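Examination of the molecular architecture
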Amino acid sequence: MAIAVGSVSVVRQKLLTAVMVVALVATGMTASVGAATTPSVETTSISDSTTVTVTNVVDGDTIDIQYQNGSTDTVRLLGVDTPETYGSVSPGEFEGVPDTLAGRECLQAAGEDASAYATDRLAGQTVTLQFDSQADRRGDYGRLLAYVQVDGSNFNYDLVEQGHARVYDSTFSQSDSFYSAESAAQSAERNVWSCRTPNDDGSGDDGSSSGDASTLTIDWVNAEASSLNDERVKISNTGSSSIDLDGFTLTDEAGHGHTFTDFTLGASDSVYVHTGSGTDDFDDRYMGYETEIWNDDGDTATVKTAAGTTIDQLAY
C-alpha cells in the first residue's frame, strides 16, 4: 500500500506540474497575441530608411540625392504625381480637369508651382528616405520609390494635401490616407484642382479663341548661331490673353517657313522657333531644316495669320 500511495503522490505532482506549465504557456501566448493585434502602421509598412542630402529638385515629384558616402541617386516620390513641367501635360490624368487649352495651360502652371514648392521645401536639405514594404523599391528608369521625410513631415503627403499632386494609382501602404487628402484638396479646389474650372481670361469659353493677334511681336532673330538649333527666332505675345497660332506662318525673305499647328501662345509668353529638328513643346518649335536659313548679313522675318495677313515683320 505504501508503494501505491507513493505512486499516486508522484502522479499528482506530475499532474500539478503539467497544469502549471500549461498555465504559464497560455499566459505567454495571450501576451504575445495581444501585442500582435495592434501593430504600428509605420513599423509594419516602412522596411528601412536612410538619410540623404537633396542636391537637385527635378520637378514636383522627382529629386536627385547624395548619400553620406558621396554616391548619388534619383528618387521618384512614392504615391504622388505632379503635372509635367518638361513636355506635354495630360489633363486626363487629373480627374475633372478639362482637356482644353485653358485646362492644359492651367496644368502647366500648376506643375511649375509644384516644382517651386518642392524646391522651397527640399533643395539643399538633409532628409530621410523611407521605403514602403508594400511598394517596389525602384520604379521606371531605375529611380528609387520613397517617402521623403523633412522637418518631421511626410513631404509626399504634403504635396497631395496642398493640392500640388494627385495620388498615383499604385500599391503602397498609406494610399488610404493619401486618397482622403486628395479628396479634401479637390473639394477646396487647391492648386492643381483649381484647373477643374480654369480661368478663361473672361472670354466666356474654354480659352481656345484666337485672341488679339496684334499683340504678337518678333523680338529677335539669332542668325549668327553656333549650331543649327541655336539659330532661332523669338516671338512673343505682349497681350493679356492667349493667341491661337494654328495656321500662322513664320518666313524669311527666301520663302523658308514654318507653319504653326495645334499651338497657342499664352499671355506674356514667348516661343522660340528653331531652324533644325527637335520635339515641339510649349515654348519651342522646330522648322526641320538641315541647313541654316537666316542670312548672317541681313534678312527679314515675317509672321502672318492663316488668312495671310501680316502681323509683324523684323528686318535686321
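This text goes with the structure placed above it.
These remarks concern the structure in this document.

Cut-offs applied
Residues numbered from 1 in each chain as written. Predicted model: local features only at pLDDT ≥ 70, side-chain atom pairs only at ≥ 80, totals over all residues. Heavy atoms only, no water. Core = buried A, V, L, I, M, F, W, Y, C linked by side-chain atoms within 4.5 Å. Buried < 20%, exposed > 50% of the residue type's maximum accessible area, 1.4 Å probe, protein only. Helix = DSSP H or I, 4+ residues; strand = E, 2+ residues; numbered from the N terminus. Contact = heavy atoms within 4.5 Å. 1 Å grid on protein atoms, 1.4 Å probe; cavity = no way out; pocket = protein on both sides within 12 Å on 5 of 7 lines; lining within 4 Å. Points joined across faces, edges and corners; volume = space filled by probe spheres on them. Nonpolar A, V, L, I, M, F, W, Y, C, P; charged D, E, K, R; others polar. Salt bridge = Lys/Arg side-chain N within 4 Å of Asp/Glu carboxyl O. Phe/Tyr/Trp six-rings, centres within 6.5 Å; stacked < 30°, edge-to-face > 60°. Lys NZ or Arg CZ within 6 Å of the ring centre and 35° of its normal.

Brief notes about the nonpolar core
Judged by nonpolar contacts, the single largest core of 30 residues is most densely connected at I63, L122, V127, L129, V148 and F155. Mapped onto this core, the elements with two or more residues apiece are β1 (46–59), β2 (62–66), β3 (72–77), α3 (101–122), β5 (126–132), β6 (144–150), α4 (155–161) and α5 (175–188). Considering each element in turn, this core owes the most residues, six residues, to β6. Setting aside its immediate chain neighbours within four residues, V148 contacts I63, L77, L122, V127, T128, L129, S153, N154, F155 and N156. Of all hydrophobic cores here, the second largest spans 21 residues; its members include A213, F260, L265 and V273.

Regarding empty space enclosed by the protein
The tally for this structure, following the rule as stated, stands at one cavity of 30 Å³ or more. Estimates place the volume of the largest cavity at around 40 Å³. D81, T82, P83, E84, V89, S90, E93 and F94 are the residues that line the largest cavity. For the lining of the largest cavity, the per-class residue count stands at three nonpolar, two polar and three charged.

Section: the pattern of salt bridges
One pass over the structure, following the stated rule, counts eleven salt bridges. Between R76 and D81 there is a salt bridge, with its nearest N and O atoms 3.3 Å apart. Using a relative accessible area of 12% as the deciding quantity, one classes R76 as buried. Look at D81 and you get buried, because its relative accessible area is 6%. One salt-bridge network, held together by shared partners, links D61, R76, D81, E93 and R166.

A word on the packing of aromatic side chains
The tally for this structure, following the rule as stated, stands at seven aromatic pairs. Summarising the aromatic geometry, the rings of F260 and F263 are spaced 5.8 Å apart at their centres and angled 25° between planes, so their arrangement reads as stacked. Using a relative accessible area of 1% as the deciding quantity, one classes F260 as buried. One aromatic cluster is present, built from ring pairs that chain together Y147, Y157, F172 and F178. The ring of F131 carries R137 above its face, with NZ or CZ at 3.7 Å from the centroid.

Geometric descriptors of this kind do not, in isolation, establish any biological role.
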